[in-house]
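Topology and contacts: notes
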Amino acid sequence: MSSKLLAALRKGAILGASVCALTLCTWGTANASDYYDQFGGKAGITALINTFVGNVANDPHINYYFAHTNIKALKYNLVQQVCMAVGGPCKYTGPSMTDAHRGLQITTAAFNYLAQDMIDAMDAHRIPIGAQNYLLSLLAPMEPEIVTANGPLG
Ligand code: HEM
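An account of the accompanying structure is given in this report.

Conventions and cut-offs
Residues numbered from 1 in each chain as written. Predicted model: local features only at pLDDT ≥ 70, side-chain atom pairs only at ≥ 80, totals over all residues. Helix = DSSP H or I, 4+ residues; strand = E, 2+ residues; numbered from the N terminus. Buried ≥ 20, exposed ≤ 12 C-beta atoms within 10 Å, placed from the backbone. Contact = placed C-beta atoms within 7 Å. Axes fitted to C-alpha atoms, helices over the stretch in contact; angles between N-to-C directions. Parallel < 35°, antiparallel > 145°, perpendicular 65-115°, else oblique. Left-handed = near helix turned anticlockwise from the far one by under 90°. Nonpolar A, V, L, I, M, F, W, Y, C, P; charged D, E, K, R; others polar. Core = buried A, V, L, I, M, F, W, Y, C linked by C-beta atoms within 7 Å. Near = placed C-beta within 6 Å.

A word on the overall build of the protein. When its secondary structure is counted, the protein shows eight helices and zero strands. Overall, the protein shows an N-to-C arrangement of helices and strands of α-α-α-α-α-α-α-α. By the burial criterion, 28% of the 154 residues in the protein qualify as buried. Of the contacts made within the protein by residues no fewer than 6 positions apart, 79% connect residues no fewer than 24 positions apart.

Right, let's get into the packing of helix H3 (residues 41–57) against helix H6 (residues 108–124). One can describe the packing of H3 onto H6 by two numbers: an axis separation of 9 Å at closest approach and a directional angle of 135°. In terms of orientation, H3 and H6 fall into the oblique class. The interaxial crossing formed by H3 with H6 has right-handed handedness. Contacts between H3 and H6 pair Leu48, Thr51, Phe52, Asn55 and Val56 from the former with Leu114, Asp117, Met118, Asp120, Ala121, Met122 and Ala124 from the latter. Residue classes in the contact of H3 with H6 are distributed as eight nonpolar, two polar and two charged.

This part takes up the nonpolar core. With 30 residues, the main nonpolar core has Phe39, Val82, Val86 and Leu135 as its most contacted residues. Contributions of two or more residues to this core are made by helix H2 (32–38), H3, helix H4 (71–85), H6 and helix H7 (129–139). The leading source of residues in this core is H6, at eight residues. Once residues within four sequence positions are removed from consideration, phenylalanine 39 is found in contact with Gly44, Ile45, Leu48, Val86, Ile127 and Ala131.

Lining the immediate surroundings of the ligand are 21 residues, of which Ala73, Ala100, Ala110, Leu114 and Leu139 lie closest. Contributing elements (two or more residues each) for the shell around the ligand: H4, helix H5 (97–101) and H6. Residue classes in the shell around the ligand are distributed as 16 nonpolar, five polar and no charged.

Here we take up the packing of H3 against H4. Relative orientation of the contacting elements H3 and H4 amounts to 135°, with a least axis distance of 9 Å. What the angle tells us is that H3 and H4 run oblique. As for the relative orientation of H3 and H4, their crossing is right-handed in sense. In contact with Lys42, Ile45, Thr46, Ile49, Asn50 and Val53 of H3, H4 contributes Ile71, Leu74, Lys75, Leu78, Val79, Val82 and Cys83. Here the contact of H3 with H4 is composed, by residue class, of nine nonpolar, two polar and two charged.

The topology assignment puts asparagine 31 in the loop between helix H1 (3–23) and H2. Sequence-wise, asparagine 31 and glycine 87 are 56 residues apart; in three dimensions their C-alpha atoms are separated by 8.3 Å.

Written as structure tokens, this is what we have:
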């Protein structure tokens, strides 16, 4: 799992634990459809993906990867994928992660920059930290299917 995602999960664990100590909340026990609600349903996820893709487009570390990408199709597939992942009533029908990223020479560093762009988007939309961690924990295991190249940092 990428160190960026692990760091993000740790941050959430510490924040979540301290908030729960104060409030006796049941952090960590939400079910998948609770997370869909916490992402604001389909409208919230659509807004989140728009911000995320905007962040990627403005990120000079990785935006060149997307120079020839059909952004409308990418946004549609990302909304469906995230909506399904967080327990929403959507079905992802796009390519497998291996097929979608084949030959793109994506490095671990690029993966981590993209993860940070997603974290920034979730922060901007005030997604609760437990819901953020839930999505990140589902995206992190996809790394081996996406990262296919070594860069200067490995
Ligand atoms: C967990 C992380 C990631 C997820 C969930 C993800 C998801 C997706 C999905 C669903 C598609 C298919 C879109 C379509 O065919 O319309 C796609 C395509 C693409 N992804 Fe990712 N991606 C991830 C990481 C990355 C990273 C790190 C990069 C590069 C920095 C990247 C670059 C691309 C590009 C360039 C395409 C378009 C390929 C094409 O035009 O055929 N992705 N991604």
